[in-house]
Amino acid sequence: MNIISKIMPSLSGDIESPEALERRYRQFSSSLTCILLALVLIPMFIISVLAHSQYKRMLEEEEVGRLLLNAEQAENTVELFVVKLRSIINFAGHEDRYDELLQPGVLQNLFLRLRNSFPDYTDIEVVGPDGHTAAWEGDYVSKGQSYIGQPWYDETLNKGFYISNIFTGFRGVPHFVVAVSRKLKGGGQWVMRVNIDGKTLQRYVDAVAATSVDDLFLVDQQAILQTTPKKYGERGKPSIFIGGGALNRRLDAEVERHRQAVGGEFLIDRQMTDGKAMLRVIRPVIGTPWRLVMVKEDYRRGAKWINFRNHLFFYLVSCGVLSILIIISISRAITEYIRASDLKRKQFLREAENNDKLASIGRLAAGVAHEINNPLAIINQKAGLMEDYMEMTGDFEYKTELSGALSGIDESVERCKTITHRLLGFARHTDVTEEEIEINKMLKEVTSFVDREASYNQVGINFHFAEHLTPIVSDRGQLQQVFLNILNNAIYAICKDGEINISTRQMDPGHVEVKIADTGCGMNKETLERLFEPFYTTKPTGKGTGLGMSITYGIINKLGGRIKVDSEEGKGTTFTFLLPVRNKEAGKEKTDV
Amino acid sequence: MKILIIDDEVEFATTLCQRLKLRKFDVSEAHSGTEGLAALSASVPDVVLLDMKMPDMSGFDVLKVISRDLPQTRTIMLTGHGSGEAGKEGLALGAIDYLMKPVELKELLAKLKTLEN
């Protein structure tokens, strides 16, 4: 509440000008807007960021988990294929079959049988203990070739098994070699070597390439592609997926489990490839020189993530925009409401102050008038008595002059009487006689009283009457007095050549508005402020009592109406009367003004 | 016609009394409510000119007594309040008419003439 009170514009204290007040309202409105926006937008933004990061983390975990599983399955499949291949060759090249295989037709039969099961066996070769080809069958092998000193031959002899990378060789067809070595009874070793078409491996890899991954391929130790990737690279060339990257630390535990199961060559990371963020997993295929590489486009390019992000963005932006619009209009409405109540309060205070002032002056005036009335009555009677005696007396010197002086006293008494009676009339609550009045008709009647004076002064009187005005129930005589007073003042203000515009309209079913506007000299600020004060007049001494407007004010108040005055010096004055169709105040106990 | 003026303004009462006497009315005066009531009990007038506001008792109090005890006597109220309101109140209490101060003699004479007739 403290913050609110700090930003609230206050009418008290240092608000000296309407501009300063206006600035305070604007400041209030913008502060309120900012506070409300912060209250709405900050939580909205925090929730969105949380949802964003939670969903991102969930997708990351799901993606890595699935990729690890897919890679494991794929590796198992390839590994199984290699194991199968090895066991067939192991079986075919049984230890004591060396001599048998050298017999004409035996190797051919074996090769045909093998080809029936595996059509991709391109050739088979038996290498004797001397390192030369002893027998062969197939498309490309030539007799008598020596393998002594060749790495594959040495490795086969040393390890008993060898599997090569895929290579094209002189035959121009991608293939790989599987070889096993066998001991001869008489000492030495012989080797069975089988060449297998590279397409076999490709088929296996293609078969296991799941749809959930973007690419799956085999590379050798030097990252040369062993199979043809679907998207990234070409067989026989280095893979673009080389080098290491970093992976989200939160996944360390899961990754570690795989690393321990697989060994040191296991790798999973994210990296930018061709401008795209890719997730990659590399794991060795056990029992082969190959490594299996599985790549998947980062989840951030997936439909799920893009949809989520678009939806989140859409809802955030639309809710944000909607909130901003609503909050701005709410702030404006609240500010307007406060401004209106402030204005009302100010008006009320001003009116109350005015009423109070008029009431005090009224009481004072009434007291004075009453006290003056008695001596005035004595003066009147004394002068009358003197006149009586004069009439009874014959002519004497200065009789005429004395008679004139007594008439002067009579006239002055009459003038004083008018003033005291009006003063008392202003101060006193007089009876209100209510009757139904058609305002338009009454205004016409009142205007007819001043027609002559208006035409002498070249003042045009125009009527702008609303039709079908609700007749009001009020005091005819007092209203006539009010309008007559205003019209007389208007003619006096115009002096010569001008206009008086009288208009009426129905404000609402309960009120009728009468507007009397003149093109006269207008009033200055001081006159406007003191307009309703008794004895305040701008007319020359003797021309006005200064009571007309205060009586008008008293009457309109008594009839339950309101007066508003707008005046601009040199331009004219407009009196606006708001009269109730029925005076709610009538019949209530009232105190003297 | 016998007239009694009851008003605490001695100068006013005396002067009015003199002027009426000049016009051949039988006029007497009293300068307070109490004095007025005493005069009333001494001799009953045809008309009483009664001020509303007096220090010892108000004109209305005197009026009440007149209305109650002297039904033949007619009362004209004199008011210094400048409005007919108090006068009307007097009418309600039994006065037959009222005049506002300062009183015009012509007006008073006209009213008296009406009463005489």
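Residues numbered from 1 in each chain as written. Chains lettered and ligands numbered in written order. Predicted model: local features only at pLDDT ≥ 70, side-chain atom pairs only at ≥ 80, totals over all residues. Heavy atoms only, no water.

## Points about the overall build of chain B
In step 1: Within chain B, the regular secondary structure consists of 5 helices and 5 strands.
In step 2: Going residue by residue from the N terminus, the α and β elements of chain B occur as β-α-β-α-β-α-β-α-β-α.
In step 3: Counting only residues that meet the buried cut, chain B has 49% of its 117 residues in that class.
In step 4: Of the contacts made within chain B by residues no fewer than 6 positions apart, 59% connect residues no fewer than 24 positions apart. (Helix = DSSP H or I, 4+ residues; strand = E, 2+ residues; numbered from the N terminus. Buried < 20%, exposed > 50% of the residue type's maximum accessible area, 1.4 Å probe, protein only. Contact = heavy atoms within 4.5 Å.)

## Concerning the overall build of chain A
In step 1: The secondary structure content of chain A amounts to 13 helices and 16 strands.
In step 2: Residue burial in chain A is summarised as follows: out of 593 residues, 42% are buried.
In step 3: With an accessible surface of roughly 32,200 Å², chain A has 56% of that area assigned to carbon and sulfur atoms. (Areas by Shrake-Rupley, 256 points an atom, 1.4 Å probe, with all protein chains shown as cover.)

## Here's the deal with the packing of helix H2 (residues 33–42) of chain B against helix H3 (residues 59–69) of chain B
Residues and elements named next belong to chain B.
In step 1: Remark: H2 packs on H3, axes separated minimally by 10 Å, with the N-to-C direction vectors making an angle of 15 degrees. Here H2 is positioned roughly parallel relative to H3, judged by the angle of their axes. For the pair H2 and H3, the crossing hand works out as right-handed. Between H2 and H3, the contacting residues are Gly 33, Leu 37 and Leu 40 on the first element and Val 62, Val 65 and Ile 66 on the second.
In step 2: Tallied by class, residues from the contact of H2 with H3 come to 5 nonpolar, 1 polar and no charged. (Axes fitted to C-alpha atoms, helices over the stretch in contact; angles between N-to-C directions. Parallel < 35°, antiparallel > 145°, perpendicular 65-115°, else oblique. Left-handed = near helix turned anticlockwise from the far one by under 90°. Nonpolar A, V, L, I, M, F, W, Y, C, P; charged D, E, K, R; others polar.)

## Section: the nonpolar core
Residues and elements named next belong to chain A.
In step 1: Counting 49 residues, the largest nonpolar core has Tyr 121, Phe 176 and Met 192 as its most contacted members.
In step 2: Per element, the largest residue contribution to this core is 12 residues, and it comes from helix H2 (residues 18–92).
In step 3: If you look at the next biggest cluster of nonpolar residues, it comprises 46 residues, including Ile 472, Leu 487, Val 512 and Phe 532. (Core = buried A, V, L, I, M, F, W, Y, C linked by side-chain atoms within 4.5 Å.)

## With respect to the interface of chain B and chain A
In step 1: Between chain B and chain A, the residue contacts involve 21 residues of the former and 23 residues of the latter.
In step 2: Summed over both sides, the interface between chain B and chain A buries roughly 2,200 Å², with carbon and sulfur atoms accounting for 51% of that surface.
In step 3: Connecting chain B to chain A are 3 salt bridges.
In step 4: Seen at the junction of chain B and chain A, the total is 10 residue pairs in polar contact (both at pLDDT 80 or more).
In step 5: Looking at the side of chain B that touches chain A, the elements with two or more residues in it are helix H1 (10–22) and helix H4 (84–92) of chain B.
In step 6: Among the elements that take part in the side of chain B that touches chain A, H1(B) stands out by supplying 7 residues, more than any other.
In step 7: Residue composition of the side of chain B that touches chain A, by class: 6 nonpolar, 6 polar and 9 charged. (Buried area = accessible area lost by both parts, 1.4 Å probe. Salt bridge = Lys/Arg side-chain N within 4 Å of Asp/Glu carboxyl O. Polar contact = N/O pair within 3.5 Å; in protein donor to acceptor, adjacent residues only side chain to side chain.)

## Describing helix H5 (residues 105–116) of chain B
Residues and elements named next belong to chain B.
In step 1: Counted at 1.5 Å a residue, the expected span for H5 with its 12 residues is 16 Å, and the 16 Å between its end C-alpha atoms agrees.
In step 2: For H5, every residue scored as buried is listed here: Leu 105, Leu 108, Leu 112 and Leu 115. Looking straight down H5, one finds its buried side chains confined to an arc of 85 degrees; they lie on one side. For H5, the exposed residues set more than 90 degrees away from the buried face come down to Lys 106, Lys 113 and Thr 114.
In step 3: In this structure, the buried residues of H5 make contact with strand E1 (2–6), H1, strand E3 (47–51), strand E4 (74–79) and strand E5 (97–100). (Expected span 1.5 Å × (residues − 1). Arc of directions from axis to C-beta.)

## Focus on the environment of A:Ile461
All names here are of chain A.
In step 1: Looking at the secondary structure, you find Ile 461 in strand E11 (residues 459–464).
In step 2: With a relative accessible area of 19%, Ile 461 lands in the buried category.
In step 3: Taking the C-alpha atoms as reference points, Ile 461 and Ile 516, 55 residues apart in sequence, are found 10.0 Å from one another.

## With respect to the packing of H1(B) against H5(B)
All names here are of chain B.
In step 1: Contact geometry of H1 with H5 gives a least axis separation of 12 Å together with a crossing angle of 55 degrees. Classified by the interaxial angle, the pair formed by H1 and H5 is oblique. When the axes of H1 and H5 are compared, the crossing they make is right-handed. Contacts between H1 and H5 involve Leu 16, Arg 19 and Leu 20 from the former and Leu 105, Leu 108, Leu 109 and Leu 112 from the latter.
In step 2: By residue class, the composition of the contact of H1 with H5 is 6 nonpolar, no polar and 1 charged.

## Things to note about the confidence of the model for chain A
All names here are of chain A.
In step 1: Per-chain confidence: chain A averages 83 in pLDDT, with 88% of residues scoring 70 or above.
In step 2: Of all secondary-structure elements in chain A, the lowest mean pLDDT belongs to helix H1 (residues 2–7), at 62, while strand E14 (residues 511–518) reaches the highest, 94.
In step 3: Contacts from residues 244–250, a stretch scored under 50 in pLDDT, to residues over four places away or in other chains number 16 contacts.
In step 4: Per-residue pLDDT stays below 50 along residues 586–593; that stretch engages in 14 contacts with residues further than four places along the chain or on separate chains. (pLDDT = per-residue confidence, 0-100.)

## Overview of the pairing of strand E1 (residues 121–127) of chain A
Residues and elements named next belong to chain A.
In step 1: For E1, the buried fraction is high: 7 of the 7 residues fall into the buried class.
In step 2: Examined bridge by bridge, E1 and strand E5 (residues 189–197) share 6 bridges and lie antiparallel to one another. If you follow Val 127 over to E5, its bridge partner there is Val 191. (Pairing = 2+ DSSP bridges.)

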